[in-house]
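# Observations on the three-dimensional arrangement
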Amino acid sequence: MKTERIIIENKEHPEEELLKKPAEILKNGGLVAFPTETVYGLGANALNEEAAKKIYEAKGRPSDNPLIAHIADFDDLIPLVSQVPESGKKLMEAFWPGPLTLIFPKSGLVPYGTTGGLDTVAVRMPADPIANALIRLAGVPVAAPSANTSGRPSPTTADHVWQDMNGKIDMILDGGAVGIGVESTIIDVSGEEPVILRPGAVTQEMASSILGQEIHLDPAIATGPMKAKVKPKAPGMKYKHYAPKAELTLVEGEMKDVVKTINRLVEERLSKGFRVGIICTEETRESYPHGIVRSLGIRTKEETLAHSLYSVLREFDDLEADYIYSESFSKDHLGQAIMNRLVKAAGYHIIRT
Ligand code: TXA
Ligand code: MG
């Protein structure tokens, strides 16, 4: 299949003319990758089971892993769900359009092919103007997982999507680099208590303050698979996600000990002829004399770290690093999402100095 790539210059007010063809493709059961404010999504008509099947094929993703249905307007939610719980209403009003996905009991309209056989459906209204205009023009809810090959870091640029999806999908809309860089927060409002299934840019504090009660992380996510005796509620969280090709190790502790430990580990690996990467921040980048050093951004500005995390992981894939050593970051605010992704990418391999 030939994959067409369309560059959208005016990201704030994309020209409708450019979006007509991709909207038609979506409506007719094809696959179009598009930018959102979190990461690039791989879109298909969420009400068309055959189209959803194509997503799983293109990504090489297990088909029991459900998809998020993306909508453009509040009214689009009603046909997809059998009920809108009070907590869901409050969260929608506060954070939609934006980086928040909510899990509702599904209606009969949503095929099980989209929800991985579940009786619930994940819905999100993205804020990105290209995503919003495309979904509105398509006139159908758009199922869209992150547009990466299953198991690779999510794409934050159209080039990342191209690397993984060229030849496998109909079209890529190139709207440049995304804003946030990590996937949306997922909150399940279908049960008795709302629960966070995946941390993201709508933080635990932000959601708790809107709900007027402390909202918790699914325990399987908070502690990792080794400690939790429960299965994660988001099926996707049970797979090894966001994995770079290299073996990634996180190093935690006082910064000067972390730097010392990383330098020692790097030298050991280099002396054996391996290619070694280091993930750090602007504050420490000069402290690493050897190895391939990449700074994510400014330590206290979590949004800078989130923004470059996946590109840096992908760059180490391209550079064919054998080992990567990463500093750890605060779990405050967006840091919770960053550490969640890094710890998973590391396969829970953490050294405490
Ligand atoms: O930011 C995002 O959410 C991006 C952009 C493209 O919108 N999309 C995204 O989709 O990250 P994906 O498919 O890579 O991740 C969706 C996650 C998976 O872990 C999946 O298991 C979970 O959402 N999920 C979807 N439907 C669910 C449901 N009904 N119940 C529980 N978890 C669900
Ligand atoms: Mg994904």
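Residues numbered from 1 in each chain as written. Chains lettered and ligands numbered in written order. Predicted model: local features only at pLDDT ≥ 70, side-chain atom pairs only at ≥ 80, totals over all residues. Heavy atoms only, no water.

### Notes on the overall build of the protein chain
The helix and strand tally for the protein chain stands at eleven helices and 16 strands. Relative to the compact-globule value of 20 Å for 353 residues, the protein chain shows a C-alpha radius of gyration of 20 Å, a close match. For the protein chain, the spread of C-alpha atoms along the principal axes amounts to about 60 × 50 × 35 Å. The buried share among the 353 residues of the protein chain stands at 57%. The contacts of the protein chain with a sequence gap of at least 6 include a subset with a gap of at least 24, amounting to 68%. Once the 40 positive and 48 negative side-chain charges of the protein chain are each reduced to a mean point, those two points are 5 Å apart. (Helix = DSSP H or I, 4+ residues; strand = E, 2+ residues; numbered from the N terminus. Rg over C-alpha atoms; globule rule 2.2 N^0.38 Å. Buried < 20%, exposed > 50% of the residue type's maximum accessible area, 1.4 Å probe, protein only. Contact = heavy atoms within 4.5 Å. Lys, Arg positive; Asp, Glu negative; His and termini not counted. Charge placed at Lys NZ, Arg CZ, Asp CG, Glu CD.)

### Looking at the domain arrangement of the protein chain
Structurally, the protein chain comprises domain 1 (4-223) and domain 2 (247-352). For domain 1 versus domain 2, the distance between C-alpha centres works out to 29 Å. Contact with domain 1, which involves 26 residues of that partner, is made by 15 residues of domain 2. It is Pro153, Val182 and Pro199 that lose the most area in domain 1 upon contact with domain 2, and together they represent 29% of the buried surface on that side. Applying the counting criterion to the domain 1 and domain 2 interface returns three salt bridges. Where domain 1 packs against domain 2, one counts twelve residue pairs in polar contact (both at pLDDT 80 or more). Mapped by element, the contributors of at least two residues to the side of domain 1 that touches domain 2 are α6 (158-165) and α7 (204-211). No other element matches α6, which puts three residues into the side of domain 1 that touches domain 2. Each residue belonging to the side of domain 1 that touches domain 2 can be placed in one class, and the counts come to ten nonpolar, eleven polar and five charged. (Domains from an automatic or database assignment. Buried area = accessible area lost by both parts, 1.4 Å probe. Salt bridge = Lys/Arg side-chain N within 4 Å of Asp/Glu carboxyl O. Polar contact = N/O pair within 3.5 Å; in protein donor to acceptor, adjacent residues only side chain to side chain. Nonpolar A, V, L, I, M, F, W, Y, C, P; charged D, E, K, R; others polar.)

### Some details on the packing of helix α1 (residues 16-27) against helix α5 (residues 129-138)
It is the contact of α1 with α5, at a shortest axis distance of 8 Å, that shows an interaxial angle of 55°. Classified by the interaxial angle, the pair formed by α1 and α5 is oblique. Relative to α5, the crossing made by α1 is right-handed. Counted together, Glu16, Leu19, Lys20, Pro22, Ala23, Leu26 and Lys27 of α1 and Ile130, Ala133, Leu134, Leu137 and Ala138 of α5 form the full contact between these two elements. Grouping the amino acids of the contact of α1 with α5 by side-chain chemistry returns nine nonpolar, no polar and three charged. (Axes fitted to C-alpha atoms, helices over the stretch in contact; angles between N-to-C directions. Parallel < 35°, antiparallel > 145°, perpendicular 65-115°, else oblique. Left-handed = near helix turned anticlockwise from the far one by under 90°.)

### Remarks on the environment of Thr249
Here Thr249 shows up in strand β12 (residues 247-252). Spatially, the C-alpha atom of Thr249 lies 21 Å from that of Ala220, the residues being 29 residues apart in sequence. In contact with Thr249, not counting residues within four places along its chain, are Ile324, Tyr325, Ser326, His349 and Ile351.

### Let's talk about the side chain of Glu252
Position of Glu252 among the secondary structure elements: in strand β12. Within the structure, Glu252 has its side chain in polar contact with the side chain of Arg352 (distance 3.0 Å). Those residues in contact with Glu252 that sit more than four places away from it in its chain are Val258, Ser328, Met339, Ile350, Ile351, Arg352 and Thr353.

### Thoughts on the side chain of Ser107
Of note, Ser107 is situated in the loop between β5 (100-105) and α4 (112-115). Those residues within four positions of Ser107 in sequence are excluded, and the remaining contacts are Pro79, Leu80, Val81 and Ser82.

### Section: the nonpolar core
Counting residues in each nonpolar core, the largest one holds 44 residues, and the members touching the most others are Leu91, Trp96, Leu102, Phe104 and Ile187. Secondary-structure elements contributing two or more residues to this core are β3 (41-45), α2 (49-59), α3 (86-95), β5, β6 (120-124), α6 and α7. A per-element tally of this core places α2 first, with five residues. In contact with Leu102, not counting residues within four places along its chain, are Gly88, Leu91, Met92, Trp96, Val121, Ala122, Val123, Ile187 and Val189. (Core = buried A, V, L, I, M, F, W, Y, C linked by side-chain atoms within 4.5 Å.)

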